[in-house]
Amino acid sequence: MMQYLKSENLKFKRTFSRKLLIAVPLFNIGFSFFMNPSFLITNTFNWWSILFIPLTIAILCALSHQKEQKAANYNGIFTLPVSLSTIWYSKTIIIALYMFIMLTFFVVMMMLISMVLPGNSISYIKIIEASAVLWLSTLWQIPFCLFLAKRWGFVVTLVVNIAGGFLLGIALATQSQWWISPWSWSIRMMSPIVGVHPNGVPLPVGSPLWNLQVVPVGLALSICFFVIVTLCSASSFNRVATAYLKKQGGI
């Protein structure tokens, strides 16, 4: 497995993908400051869940697909004596690690901002908790976007995942049916953790969105859905490879 992970990581070497890990958190902070400097930290978490995580995952997955397509249109992978499922899992794990690194950098930036702008601060524990929840609750988007990129390409991947966050995410996040839409999970959980409404304003005292019981529910749904989407997308990847080999007379 380690060799597969090293191979997938190497494919991102000297690419735009790694620059995103620094650029996106900085852009999010700047964007949130421009939108409402009075609630800089809480707004950054809200924009992460609504826009910047779906956008970043979609770009990383689409770039991963483009890398394979430009190399040999996956033909090299399909004809190698390797586990195709393991290759798919490796792609998913590497992008998940990149997202973890990006959010870790973001946590450091938020802690520095809390020291420089104490009036804008929330506790370090809340910053770490919110970032961890964001990471876990959006892992399912990685195999989903890898599947979209492989099937329909760069543009469709971006449009579907970003539209999911804006349309299905925000629309249901404040409703009792928030659990129906996977894009709503991270948005809904940010409300009680950092005290922000999905529309970006601070939660008023007594708001039902302060209910912390949604956090374990949302995390359980996210992890289960991640496993399901990963297994299903890996199976689809195997079927595509099998169809290709049959067409080429390889099996």
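Bear in mind that the values here come from a model prediction, so they are computed numbers and not experimental data. (Residues numbered from 1 in each chain as written. Predicted model: local features only at pLDDT ≥ 70, side-chain atom pairs only at ≥ 80, totals over all residues. Heavy atoms only, no water.)

Draft legend 1. Focus on the nonpolar core. Membership of the largest hydrophobic core comes to 59 residues, with the highest contact counts inside it found for Phe45, Trp48, Ile95, Ile142 and Met190. Elements with a contribution of two residues or more to this core: helix H2 (16-35), helix H3 (40-72), helix H5 (84-116), helix H6 (124-137), helix H7 (141-152), helix H8 (154-173), helix H9 (182-194) and helix H10 (214-248). (Core = buried A, V, L, I, M, F, W, Y, C linked by side-chain atoms within 4.5 Å. Buried < 20%, exposed > 50% of the residue type's maximum accessible area, 1.4 Å probe, protein only. Helix = DSSP H or I, 4+ residues; strand = E, 2+ residues; numbered from the N terminus.)

Draft legend 2. Looking closely at H8. The end-to-end C-alpha separation of H8 is 27 Å, in line with the 28 Å expected for 20 residues at 1.5 Å each. In H8, a bend of some 35° at Gly164 exceeds every other bend along the element. Those residues of H8 not exposed but buried are Thr157, Leu158, Asn161, Gly164, Gly165, Gly169 and Ala173. (Expected span 1.5 Å × (residues − 1). Bend = angle between axes of the 7 residues up to and from the residue.)

Draft legend 3. Representation of the confidence of the model for the protein chain. Across the protein chain, the average pLDDT comes to 87, with 89% of residues at 70 or higher. Ranking the helices and strands of the protein chain by mean pLDDT puts H9 first, with 95, and helix H4 (residues 75-78) last, with 65. (pLDDT = per-residue confidence, 0-100.)

Draft legend 4. Broad picture of the pattern of salt bridges. If you walk through the whole model with that rule in mind, you get one salt bridge. Its salt-bridge partner being Glu129, residue Lys126 comes within 3.9 Å of it at the nearest N-O pair. Taken as a pair, Lys126 and Glu129 lie in helix H6 at a separation of three residues, close to a single helical turn. What makes Lys126 partly exposed here is its relative accessible area of 28%. (Salt bridge = Lys/Arg side-chain N within 4 Å of Asp/Glu carboxyl O.)

Draft legend 5. Layout of the packing of aromatic side chains. Under the criterion given, the structure shown has 16 aromatic pairs. Ring geometry for Trp140 versus Phe225: centroids 5.5 Å apart, planes at 55°, classification tilted. With a gap of 85 residues between them, Trp140 in the loop between H6 and H7 and Phe225 in helix H10 connect regions that are remote in the sequence. Accessibility expressed as a relative area gives 1% for Trp140, which makes it buried. Measuring from ring centre to ring centre gives 6.1 Å for Phe147 and Trp152, while their planes differ by 85°; the resulting arrangement is edge-to-face. Pairwise contacts between aromatic rings join Phe27, Phe31, Phe45, Trp47, Trp48, Phe52, Phe106 and Phe166 into one cluster. (Phe/Tyr/Trp six-rings, centres within 6.5 Å; stacked < 30°, edge-to-face > 60°.)

Draft legend 6. Expanded view of the side chain of Thr86. By secondary structure assignment, the location of Thr86 is in helix H5. Ignoring any residue separated from it by four or fewer positions in sequence, one finds Thr86 in contact with Met1 and Tyr4. (Contact = heavy atoms within 4.5 Å.)

Draft legend 7. Structural detail: the environment of Ile59. Take Ile59: it is sitting in helix H3. When the C-alpha positions of Ile59 and Phe154 are compared, they lie 7.7 Å apart, and in sequence the two are 95 residues distant. Excluding its chain neighbours within four sequence positions, the residues that come into contact with Ile59 are Leu20 and Leu158.

Draft legend 8. Layout of the state of the cysteines. The tally for this structure, following the rule as stated, stands at zero disulfides. Cys61 forms no disulfide, and the closest cysteine sulfur to it belongs to Cys145, at a distance of 5.0 Å. With relative accessibility at 0%, the residue Cys61 sits in the buried group. (Disulfide = S-S within 2.5 Å.)

Draft legend 9. Up close: the environment of Ile170. Note on placement: Ile170 falls in helix H8. Expressed as a C-alpha distance, the spacing of Ile170 and Asn199, which sit 29 residues apart in the sequence, is 7.9 Å. Excluding anything up to four places from it in sequence, Ile170 contacts Ile50, Gly165 and Ile187.

Draft legend 10. Representation of the environment of Gln66. Assignment of secondary structure puts Gln66 in helix H3. By relative accessible area, which is 26% here, Gln66 ends up partly exposed. Measuring from C-alpha to C-alpha, the distance between Gln66 and Lys150 comes to 8.7 Å, with 84 residues separating the pair along the chain.

Draft legend 11. The packing of H7 against H8, seen in detail. Axis separation between H7 and H8 bottoms out at 7 Å; the angle between their running directions is 145°. Of the two elements, H7 crosses H8, and the hand of that crossing is right-handed. Of the residues in H8, those touching H7 at Gln141, Phe144, Cys145, Leu148, Ala149 and Trp152 are Phe154, Val156, Thr157, Val160 and Asn161. Taken together, the residues of the contact of H7 with H8 sort by class into eight nonpolar, three polar and no charged. (Axes fitted to C-alpha atoms, helices over the stretch in contact; angles between N-to-C directions. Left-handed = near helix turned anticlockwise from the far one by under 90°. Nonpolar A, V, L, I, M, F, W, Y, C, P; charged D, E, K, R; others polar.)

Draft legend 12. Examining the packing of H6 against H9 more closely. At their nearest, the axes of H6 and H9 sit 10 Å apart, and the two run at 170° to each other. Relative to H9, H6 is oriented roughly antiparallel. Facing H6, whose interface residues are Lys126, Glu129, Ala130, Val133, Leu134 and Ser137, H9 presents Ser186, Met189, Met190, Ile193 and Val194. Residue composition of the contact of H6 with H9, grouped by class: seven nonpolar, two polar and two charged. (Parallel < 35°, antiparallel > 145°, perpendicular 65-115°, else oblique.)

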